[in-house]
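# Report on the structure
One letter stands for each residue in the lines below.
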There are 2 protein chains.
Amino acid sequence: MENLHAHNTLRSKYLGIDTYRENIVYLRADSPVCRCEGFTALTRIVVHHGESSIVATLNVVHSELLDTDEAGLSMEAMKRLSVGDSDPVTVSHLEPIGSLSHIRAKMHRYTLTEQQLCEIIEDIVAGKYSNVELAAFLSVSSGNNLTTDEIVGLTKAMVATGQEIRWRAPMVMDKHCIGGLPGNRTTPIVISIIAAAGLTIPKTSSRSITSPAGTADTMEVMTNVELDIERMKEVVSRENACLVWGGAVSLSPADDVLITVSKALDIDSEGQMIASVLSKKKAAGATHVVIDIPVGRTAKVRDREHARSLISKFEKVGHEIDIIVKCLITDGSQPVGRGIGPALEAMDVLGVLRNEGGAPTDLKNRALLIAGVLLELSGKVEKGSGANTAAGLLEDGSAYSKFMAICEAQGRFMEPGFAAFRRDVIALKSGTVISIDCRRLAKLAKLAGAPTSPNAGILFVSPLGRKITGGDVLFTVYAESQGELEYALHYYYKNQSNLIQIL
Amino acid sequence: MENLHAHNTLRSKYLGIDTYRENIVYLRADSPVCRCEGFTALTRIVVHHGESSIVATLNVVHSELLDTDEAGLSMEAMKRLSVGDSDPVTVSHLEPIGSLSHIRAKMHRYTLTEQQLCEIIEDIVAGKYSNVELAAFLSVSSGNNLTTDEIVGLTKAMVATGQEIRWRAPMVMDKHCIGGLPGNRTTPIVISIIAAAGLTIPKTSSRSITSPAGTADTMEVMTNVELDIERMKEVVSRENACLVWGGAVSLSPADDVLITVSKALDIDSEGQMIASVLSKKKAAGATHVVIDIPVGRTAKVRDREHARSLISKFEKVGHEIDIIVKCLITDGSQPVGRGIGPALEAMDVLGVLRNEGGAPTDLKNRALLIAGVLLELSGKVEKGSGANTAAGLLEDGSAYSKFMAICEAQGRFMEPGFAAFRRDVIALKSGTVISIDCRRLAKLAKLAGAPTSPNAGILFVSPLGRKITGGDVLFTVYAESQGELEYALHYYYKNQSNLIQIL
C-alpha cells in the first residue's frame with residue numbers, strides 16, 4: 001500500500017486532548033484524504049511519521065477545529081509517534097488484523113496454540129488492537145477460560161515481546177501476592193529482610209489494577225519508582241535489591257496495554273493473571289518465586305479448592321519456563337494492617353520496619369512468614385528456621401536500614417502524608433465485628449480517590465473480633481476533594497450493612 | 001448526589017467531533033469541576049441538560065480548545081442530550097453500574113437469570129455501558145455460550161425495552177435469513193409475493209452488521225427506509241406490506257446499540273443472534289415466521305448438525321414468546337445472484353421481479369421456496385402447492401406491481417446505479433470453479449466500500465461448476481474511491497488462491 005502514502009501527507013496538529021491510552025486521530029470530514037480513502041468515524045487507520053507508525057481510531061471533525069490538510073492527534077498518539085505540532089504525517093488503511101480470527105475461534109471454544117497466542121500478543125504490543133478488541137480478548141480469556149497450555153503459551157508470548165534482564169547472581173529471588181486483600185503490603189518489608197540477608201531480590205511491582213493500591217503506588221509515596229533498566233541495575237548492584245515499578249522497565253509491554261482495559265472493565269482472569277505474574281518474573285530474571293495466595297470469602301480467591309487449582313497451574317507454568325515456584329495459602333478474611341491506599345499503607349510498612357510499638361502485628365507476621373519461606377527456598381537457612389531468621393533481621397534494624405538504603409539508592413526517601421479531607425465513620429450500635437467485605441472496602445477506598453490520589457483511602461480500625469461500642473470510630477476516610485469524600489460516604493451509607501457486620 | 005450538581009454548571013460547546021455512537025465529553029484539566037470532582041481521562045460521568053441526561057466518557061483537554069467553564073460534547077452526545085451550543089449542562093459522578101457484576105459472573109460460567117439479563121439490557125438501553133463494556137458483554141455471550149433459557153431471557157428483555165407494534169390482522173407473516181451468504185437478497189421478492197397474495201407482512205430489516213449489505217441497505221438504494229411507526233402503519237394499511245429499516249422504529253433499541261460494537265469486532269454470537277431476530281419479530285407483531293438457514297463450508301452455519309441445534313433453539317424461543325417459527329435449511333455453498341453490495345443486489349432483485357431473461361434463477365428459486373413455505377404456513381394454500389402459487393404471483397407481474405407500490409407508498413422509487421471506479425478481475429488459468437470462499441468474498445466487497453458506499457461491491461459471475469478459460473472475467477469490483485479499489489484488489493491478490501478455486 002506504499003503508493004497510497006504520497007498523496008496523504010498532512011500536518012499534525014496538537015489539540016491537547018487526553019484520551020488516556022487510546023490513539024485517536026482527528027480528520028476533517030471534507031478533507032481530501034477522508035473523501036479519497038473512504039475513511040469514516042471509528043475506522044482504524046495507520047498514521048506514519050518518519051520511520052514510526054501507530055494505529056489510531058478515527059474521529060471525524062465537521063467543524064473548523066482543523067484545516068482540511070491537518071491531522072489532529074490525541075496526546076497519547078503524539079507521544080507514541082514522537083511527533084510535534086505541524087510535523088508532516090501520512091495516513092493509510094490498516095491491513096486486516098489476522099490475529100483477531102484467533103479470538104473469534106476462542107469464542108467458539110477452540111483452544112489456542114502457542115503460535116496463535118504469540119500472534120495476538122505481537123499485534124497487541126504493536127498497538128494494532130482497539131480498546132474494544134482488547135476487551136474482547138480479555139473477556140474470552142477471563143475467569144478460568146484458558147487451559148494450562150494456553151496460559152503457558154500466553155506467558156511465553158509475553159516474555160518474548162518484552163525485554164529480559166540478566167543478573168550475575170546464580171539465584172534471583174522474588175515474591176508476589178495475587179492480591180484482593182486491602183492493605184496487604186508485605187513486599188517492602190520482605191524485600192528489605194531478604195536483601196539484608198545477602199540474597200539478590202530485584203523487585204518490580206505493578207501499580208494498582210483494580211485495587212486501591214499496588215506496591216508501586218505505595219513505594220512511590222516514599223521514593224522514585226520509575227527507574228529504567230540501567231538505573232535499576234545500579235541500585236541492585238549496590239543494595240542486592242530494588243523496589244521499582246515494572247511498567248517503567250517494559251518487562252511485559254503486552255500486559256501494560258491489557259491492564260488498562262481490564263482496569264476499566266474491573267474483571268479478573270486467572271489465565272491472564274498467571275501469565276502476567278510469571279512473565280514479569282521471568283523477564284526480571286527470577287529463579288525462585290514465592291506466591292502469597294490469600295483465601296477468604298471476599299478475597300480474590302474464595303476457597304481452598306480454587307487456591308489448590310491455582311497453585312497447580314502456577315507450579316506447572318513456572319516449571320515450563322524454568323522458575324521454581326512455591327505458593328502459600330494465607331488468611332484472606334479481612335484487611336491487613338490499618339491503611340488502605342498508597343500513603344496510608346506506606347505508614348504501616350514504615351511502622352513495622354521501624355519496630356514501632358503500635359505497628360500492625362498482622363502485617364509483620366505475614367511478612368515474616370513469606371520472608372522465611374524465601375530464605376528456606378534459597379537453601380541459606382534450614383527448613384523450619386526461616387521465619388526466626390527473618391524476625392532477627394527485622395527486629396535488629398537490619399531490614400529498616402536496608403529499606404532506607406534502597407530508597408536512597410533510588411534517589412530519595414519521603415515520609416508519607418495524609419489527604420486534605422477526612423471524615424470518621426462512627427458505629428451506630430454496639431457488638432462484635434463478625435464479618436468484613438474486603439471487596440466493598442476496597443471499592444470505598446477507590447471511590448475516595450486511591451490510588452490516583454496517593455494520600456486518599458481508608459484507615460481501618462475494626463478488625464474481626466473487635467468489641468465495638470456505639471459511637472466508636474469504625475474507620476476514617478481520606479480524600480483530596482470534597483466530591484470524592486461525599487461519593488465514598490454515599491457508597492458506604494448505601495452498603496453499610498454488608499460492609500462491616502457487627503453482632 | 002443531587003447536591004453536587006449546583007456548582008458543576010458548565011456551558012456546552014459544539015466541537016463538531018463525530019465519535020460514531022459513543023458519547024464523549026471534553027473538559028479542561030484545570031477546570032474547577034475536574035479538580036473538585038476528581039475526574040480523570042476515561043472516567044465515565046453523567047451529563048445533565050434539563051430533564052435529560054446521558055452517560056459519557058471523559059476526555060481531558062490540556063489546551064485552549066475549551067474554556068474552563070465549558071463542556072465540549074461529541075456530536076452523538078449533543079444529539080442524545082438534545083443540547084445546542086452554549087446551553088447550560090451539569091455533570092456528576094456515575095453511580096457504579098450494578099449489572100456489570102452479572103457479566104463478571106458470566107465470565108466465571110454462571111448462568112444468568114431473566115432478571116439479570118433484564119438489568120443488563122436496561123442499563124445498555126439507558127446508555128450506561130461504554131463501548132469496552134459492551135464488548136465484554138458481547139464476548140461472554142458470543143459463540144454458543146448462552147443457554148436456551150438465557151436466550152429466552154435475553155429475547156424477552158429486548159422486547160421489553162423497545163416498543164411493540166400491534167396490527168389489526170390476526171395473522172402477521174415475517175421472514176428472516178440468518179445471513180452469511182453474499183447476495184442472498186430474497187426478502188424484497190418474498191415480501192412482494194406474500195403481499196400480492198393478500199397476506200399482511202410488515203417487514204423491518206436491519207442494515208449490514210458484518211456483511212457487505214443488509215436488506216435495509218439494499219432497499220435504501222431504491223426507496224426511503226427510515227420510516228417512523230406511524231408512516232410504516234400507513235404503508236402497511238395501503239399495501240399489506242412495507243420494507244423498512246428496523247432501527248428507525250426502535251423495535252429493539254438494545255440490539256441497535258449492541259450491533260455497533262459487534263460490527264466493530266466482527267463477531268457472531270448464536271444467542272445474541274436468535275434474541276436479536278426474534279425480539280424484533282415479536283416487537284414488529286409477527287405471528288408466523290420463516291427462517292432461512294443457508295448451510296455451507298464458508299457460510300455462517302457450516303454443517304447440518306449446527307443448523308439442527310440452531311433450529312431447535314429458534315423453535316424453543318419462538319414458542320416461549322408465542323411465535324410459530326419454521327426453519328429452512330438451504331444451500332450455502334456459494335453466493336446467490338450476481339451482485340454483492342447494496343445497489344448491485346438491488347439490480348438482481350429488480351431483474352427477478354421484472355422477469356428479465358438474464359435475471360439470476362438461483363435467487364428466484366430461493367425466493368419462491370421461502371414464499372411458498374410462508375403461504376403454506378398461513379393455511380392459505382395446501383401443503384405442497386406453495387411454491388407454485390408463489391411462482392404464479394411472480395410470473396404474472398403481481399409481485400413486481402406490489403413491489404413498486406410499496407416503494408411509492410414509502411415515498412419514491414429510484415433505479416440503482418454503479419460506483420465511479422471499477423476493475424475486472426481476470427482468470428489466469430483455465431478450469432472449472434470448484435470452491436468459493438463466501439467469507440473472503442464478503443470481506444472483499446466490504447473492503448471495496450460496501451455497504452457504506454451503497455454502489456460499491458462485487459459483480460460475481462463465476463458460480464460453482466462454471467468452465468473458465470484463462471482471460472475470462474471472474475468478477476468485477478466497484479468502488480467510490482481509488483483508495484478503496486486498490487485496497488480491495490490488494491486483499492484479493494493476497495488471498496486469490498483461497499477465494500475462488502479453479503481446477
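An account of the accompanying structure is given in this report.

Rules of the game
- Residues numbered from 1 in each chain as written.
- Chains lettered and ligands numbered in written order.
- Predicted model: local features only at pLDDT ≥ 70, side-chain atom pairs only at ≥ 80, totals over all residues.
- Heavy atoms only, no water.
- Least-squares fit on C-alpha atoms with pLDDT ≥ 70 in both.
- Buried < 20%, exposed > 50% of the residue type's maximum accessible area, 1.4 Å probe, protein only.
- Helix = DSSP H or I, 4+ residues; strand = E, 2+ residues; numbered from the N terminus.
- Pairing = 2+ DSSP bridges.
- Axes fitted to C-alpha atoms, helices over the stretch in contact; angles between N-to-C directions.
- Contact = heavy atoms within 4.5 Å.
- Nonpolar A, V, L, I, M, F, W, Y, C, P; charged D, E, K, R; others polar.
- Expected span 1.5 Å × (residues − 1).
- Buried area = accessible area lost by both parts, 1.4 Å probe.
- Salt bridge = Lys/Arg side-chain N within 4 Å of Asp/Glu carboxyl O.
- Polar contact = N/O pair within 3.5 Å; in protein donor to acceptor, adjacent residues only side chain to side chain.
- Phe/Tyr/Trp six-rings, centres within 6.5 Å; stacked < 30°, edge-to-face > 60°.
- Lys NZ or Arg CZ within 6 Å of the ring centre and 35° of its normal.

## Looking at the relation of the copies chain B and chain A
When chain B is fitted to chain A, the best match, at an RMSD of 0.1 Å, comes from turning it 180 degrees and sliding it 0.0 Å along the axis. Taken together, the rotation and translation describe the operation of a two-fold axis. Nearest to the rotation axis, the C-alpha of Val-132 of chain B is located 2.5 Å from it, this being the minimum over chain B.

## A word on the pairing of strand 3 (residues 24-28) of chain A
All names here are of chain A. With five of five residues buried, strand 3 is to be regarded as a mostly interior element. The alternating pattern of strand 3 places Ile-24, Tyr-26 and Arg-28 and Val-25 and Leu-27 on opposite faces, both of which are buried. Bridge count between strand 3 and strand 5 (residues 52-61): five bridges; the pairing is parallel. By the bridge assignment for strand 5, Leu-27 is matched with Val-60. Relative to strand 6 (residues 70-73), strand 3 runs antiparallel, the two sharing three bridges. By the bridge assignment for strand 6, Leu-27 is matched with Ala-71.

## Some thoughts on the packing of helix 7 (residues 187-196) of chain B against helix 13 (residues 342-353) of chain B
Residue and element names in this part refer to chain B. In the contact formed by helix 7 and helix 13, the axes pass within 9 Å of each other and the chain directions differ by 35 degrees. Seen from helix 7, the contacting residues are Pro-188, Ile-189 and Ser-192; seen from helix 13, they are Val-349, Val-352 and Leu-353. Here the residues of the contact of helix 7 with helix 13 are counted per class, giving five nonpolar, one polar and no charged.

## Points about helix 13 (residues 342-353) of chain A
Note on helix geometry: an α-helix contains 3.6 residues per turn, so any two residues three or four positions apart are oriented the same way. Residue and element names in this part refer to chain A. The terminal C-alpha atoms of helix 13, which comprises 12 residues, lie 16 Å apart, in line with the 16 Å expected from a rise of 1.5 Å per residue. Judged by how many residues are buried, helix 13 sits mostly within the fold: 11 of 12 residues are covered. Taken together, the buried positions of helix 13 are Pro-342, Ala-343, Leu-344, Glu-345, Ala-346, Asp-348, Val-349, Leu-350, Gly-351, Val-352 and Leu-353. Two residues or fewer after helix 13 comes Asn-355, characterised by a positive phi angle close to 55 degrees.

## Re helix 12 (residues 304-320) of chain A
Residue and element names in this part refer to chain A. End to end, helix 12 covers 24 Å across 17 residues, agreeing with the expected 24 Å (1.5 Å per residue, within 8%). Looking at the packing, one finds that the buried side of helix 12 touches helix 6 (148-160), helix 11 (270-283), strand 11 (288-295) and strand 12 (324-331). Taken from the residues just after helix 12, Asp-322 is the one with a positive phi, measuring 60 degrees.

## Concerning the sheet that holds strand 8 (residues 173-177) of chain A
Residues and elements named next belong to chain A. The three strands lie next to each other as 8-11-12, forming an open sheet whose pairing is parallel. Strand pairing shows two members of the sheet lacking a second neighbour, strand 8 and strand 12, which therefore form its edges. Each neighbouring strand pair of the sheet contributes to a mean axis angle of 20 degrees, computed without reference to strand direction. With eight bridges connecting them, strand 11 and strand 12 associate as parallel partners. The partner of Val-295 across the bridge, within strand 12, is Asp-331. Helix-sheet contacts for helix 11 involve strand 8, strand 11 and strand 12, and the interaxial angle to strand 8 is about 160 degrees. Contacts between helix 14 (residues 361-377) and the sheet are confined to strand 8, strand 11 and strand 12, with strand 11 contributing the most and set at about 150 degrees to the helix.

## Describing the interface of chain B and chain A
Facing 60 residues of chain B, the contacting portion of chain A comprises 60 residues. Summed over both partners, the interface of chain B with chain A comes to about 4900 Å²; 61% of that surface belongs to carbon and sulfur atoms. The largest per-residue losses of area from chain B upon contact with chain A belong to Met-107, Val-132 and Tyr-487 of chain B, which jointly make up 13% of the total buried on that side. Between chain B and chain A we count two salt bridges in total. With its nearest N and O atoms 3.5 Å apart, the salt bridge here joins Lys-494 of chain A to Glu-95 of chain B. At the boundary of chain B and chain A, one finds 17 residue pairs in polar contact (both at pLDDT 80 or more). Within the residue set of the side of chain B that touches chain A, elements represented by two or more residues are strand 2 (17-18), helix 1 (32-37), strand 5 (52-61), helix 3 (100-107), helix 5 (131-140), helix 10 (253-265) and helix 18 (482-499) of chain B. Sort the elements by how many residues they give to the side of chain B that touches chain A and helix 18 of chain B lands first, with eight residues. For the side of chain B that touches chain A, the per-class residue count stands at 26 nonpolar, 21 polar and 13 charged.

## As for the pairing of strand 4 (residues 44-49) of chain A
Residue and element names in this part refer to chain A. Counting buried residues in strand 4 gives six out of six residues, a clear majority hidden from the surface. Judged from the six bridges that link them, strand 4 and strand 5 form a sheet pairing that is antiparallel. The partner of His-49 across the bridge, within strand 5, is Ser-52. Counting the residues that bridge the hairpin from strand 4 to strand 5 gives two residues, and of these Gly-50 lies at a positive phi of roughly 55 degrees. Relative to strand 7 (residues 88-93), strand 4 is paired through four bridges, and the arrangement is antiparallel.

## Notes on the packing of aromatic side chains
Tallied over the entire structure, the rule returns eight aromatic pairs over all chains. Considering the side-chain rings of Phe-460 of chain A and Phe-475 of chain A, the 6.4 Å spacing of their centres and the 25 degrees angle between planes classify their relative orientation as stacked. Here Phe-460 of chain A, found in strand 16 (residues 457-460), pairs with Phe-475 of chain A, found in strand 18 (residues 473-479); they are 15 residues apart in sequence, far enough to count as distant. The residues Phe-460 of chain A and Phe-475 of chain A share a single accessibility class, namely buried. The interplanar angle of 85 degrees and the centroid separation of 5.2 Å between the aromatic rings of Phe-475 of chain B and Tyr-492 of chain B together place this pair among those described as edge-to-face. Taken as a pair, Phe-475 of chain B in strand 18 (residues 473-479) and Tyr-492 of chain B in helix 18 lie far apart in primary sequence, 17 residues in all. Taking relative accessible area as the criterion, Tyr-492 of chain B reaches 4% and is therefore assigned buried. The structure contains a cluster of three or more aromatic residues connected by ring pairs, namely Phe-460, Phe-475, Tyr-492 and Tyr-493 of chain A. The aromatic ring of Trp-245 of chain A is capped on one face by Arg-207 of chain A, whose charged end is 4.4 Å from the ring centroid.

## Observations concerning the pattern of salt bridges
Summed over the entire model, instances satisfying the criterion amount to 46 salt bridges over all chains. The closest approach of N and O atoms between Glu-76 of chain B and Arg-80 of chain B, which form a salt bridge, is 2.7 Å. Of this pair, Glu-76 of chain B and Arg-80 of chain B both sit in helix 2 (residues 75-81), four residues apart, which is roughly one turn of that helix. For Glu-76 of chain B, a relative accessible area of 13% translates into the label buried. Where Asp-174 of chain B meets Lys-281 of chain B, a salt bridge forms, and the shortest distance between an N and an O atom there is 3.5 Å. Taken together, the positions of Asp-174 of chain B in strand 8 (residues 173-177) and Lys-281 of chain B in helix 11 (residues 270-283) put the pair 107 residues apart, joining distant regions of the chain. Since its relative accessible area comes to 3%, Lys-281 of chain B is described here as buried. A single network of salt bridges, built from pairs that share partners, joins Arg-207, Asp-217, Glu-220 and Glu-226 of chain A.

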